[in-house]
Amino acid sequence: MSLSPSLIVTRLRAAGCVFAEDEADLLLSTARDRAHLSAMVDRRIAGLPLEHVLGWAEFCGRRIAVDPGVFVPRRRTEFLVQQAVALAPPRAVVVDLCCGSGALGAALAASLERVELYAADVDPAAVRCARRNITAVGGQVYEGDLYAPLPAATLRGRVDVLLANVPYVPTEEIELLPPEARIHEARVALDGGADGLDVLRRVTAQAARWLAPGGHLLFETSERQAPQAVETVARDGLVPRVVTSDERYATVVIGTRGR
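Calculation notes
Residues numbered from 1 in each chain as written. Predicted model: local features only at pLDDT ≥ 70, side-chain atom pairs only at ≥ 80, totals over all residues. Heavy atoms only, no water. Helix = DSSP H or I, 4+ residues; strand = E, 2+ residues; numbered from the N terminus. Core = buried A, V, L, I, M, F, W, Y, C linked by side-chain atoms within 4.5 Å. Buried < 20%, exposed > 50% of the residue type's maximum accessible area, 1.4 Å probe, protein only. Contact = heavy atoms within 4.5 Å. Phe/Tyr/Trp six-rings, centres within 6.5 Å; stacked < 30°, edge-to-face > 60°. Lys NZ or Arg CZ within 6 Å of the ring centre and 35° of its normal. Pairing = 2+ DSSP bridges. Axes fitted to C-alpha atoms, helices over the stretch in contact; angles between N-to-C directions.

Caption draft 1: How the structure looks around unusual backbone geometry. At R91, a position not held by glycine, the phi torsion is positive, near 55 degrees. Tracing the sequence through the fold places R91 in the loop between α5 (78-87) and β3 (93-97). We note that Y249 has phi near 55 degrees; this positive angle belongs to a residue other than glycine. For Y249, the location among the structural elements is in the loop between β8 (239-245) and β9 (250-256).

Shown next, in the form of structure tokens:
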């Protein structure tokens, strides 16, 4: 049976895809041939995230490669990147922790000139994906837990911008997430522990040692968690402030090391 655009829209809509027309256009434009298109439609109808089906996500105007199982960069997180762009000095040294696909680091590097970029993630699948995105902008990707795999001897104390898109969903709330995230994204990219701030505490505990004087740590959190996140940042020696975007429904905490 031929997959006409109208039939694809009908099948997607029946499967509960709210933006069926837009998704159909993306599937049609991405498909290599009819068999590939049919397979993609079937995968989407089965509940896979659209980005995993396409193999990419649009983020900050770029196509970011996103493999199955890898955390899909959220459009609200573009607000975090915008804040980082505004804060980055010339020839910035940037670290993207919990990098997932590497979307944040790649987008930031593409917006600046002559960036020295490093990224790290504990998930091997994410690292493989990030290497495609980060190396394309001249960066390096490491596999391991937070700061552990980074080249400490040459990097510690030099980081101007530390992006940390840490998981911040409380463990008990994982089951409340949409199936696309709950089932098809790595749990390590979602689960922030009992209160959602476990990984953040481990990041802030060492951040001041890695940041250059005047350097900035940026991370996303929920509006509800922001006050406790601010306390954590301040306790670990950084000066915190909160910026929000009503349009993106985004809350970003920035922690700055003194000069």
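Caption draft 2: Just the nonpolar core, in detail. V94, V161 and L163 are the most contacted members of the largest nonpolar core, which totals 38 residues. Sorting the residues of this core by element identifies β1 (56-59), β2 (62-65), α5, α6 (103-111), β4 (116-121), α7 (124-134), β6 (159-164) and β9 as the ones contributing at least two each. The element best represented in this core is α6, accounting for six residues. With sequence-adjacent residues up to four places away left out, V94 is seen in contact with L108, V115, E116, L117, Y118, V161 and L163. Core analysis: the second largest hydrophobic core is formed by 28 residues, L155, A207, F219 and L238 among them.

Caption draft 3: Region of the structure containing the packing of aromatic side chains. What the rule picks out here adds up to one aromatic pair. Seen from the ring of W56, R63 lies directly overhead, with NZ or CZ sitting 3.7 Å from the centre.

Caption draft 4: Main features of the environment of L146. Within the secondary structure, L146 sits in the loop between β5 (140-143) and α8 (152-155). Accessibility expressed as a relative area gives 9% for L146, which makes it buried. Distance from L146 to A226, taken between C-alpha atoms, is 21 Å for residues 80 residues apart in sequence. Leaving out residues up to four positions away in the same chain, L146 has contacts with L97, C98, A120, V199, R202 and V203.

Caption draft 5: Focus on the sheet that holds β8. Strands sit in the order β5-β4-β3-β6-β7-β9-β8 across an open sheet of seven strands; the sheet is mixed. On the outer flanks of this sheet lie β5 and β8, each paired with one strand and no other. If you compare each strand with its neighbour and ignore which way they point, the axes differ by 20 degrees on average. As paired elements, β3 and β4 share five bridges and run parallel to each other. Bridged to V93 within β4 is E116. Relative to β5, α7 is tilted by about 175 degrees, and along the sheet it contacts β4 and β5. Sheet strands touched by helix α11 (residues 226-235): β7 (211-221), β8 and β9. Its angle to β9, the strand with the most contacts, is close to 10 degrees.

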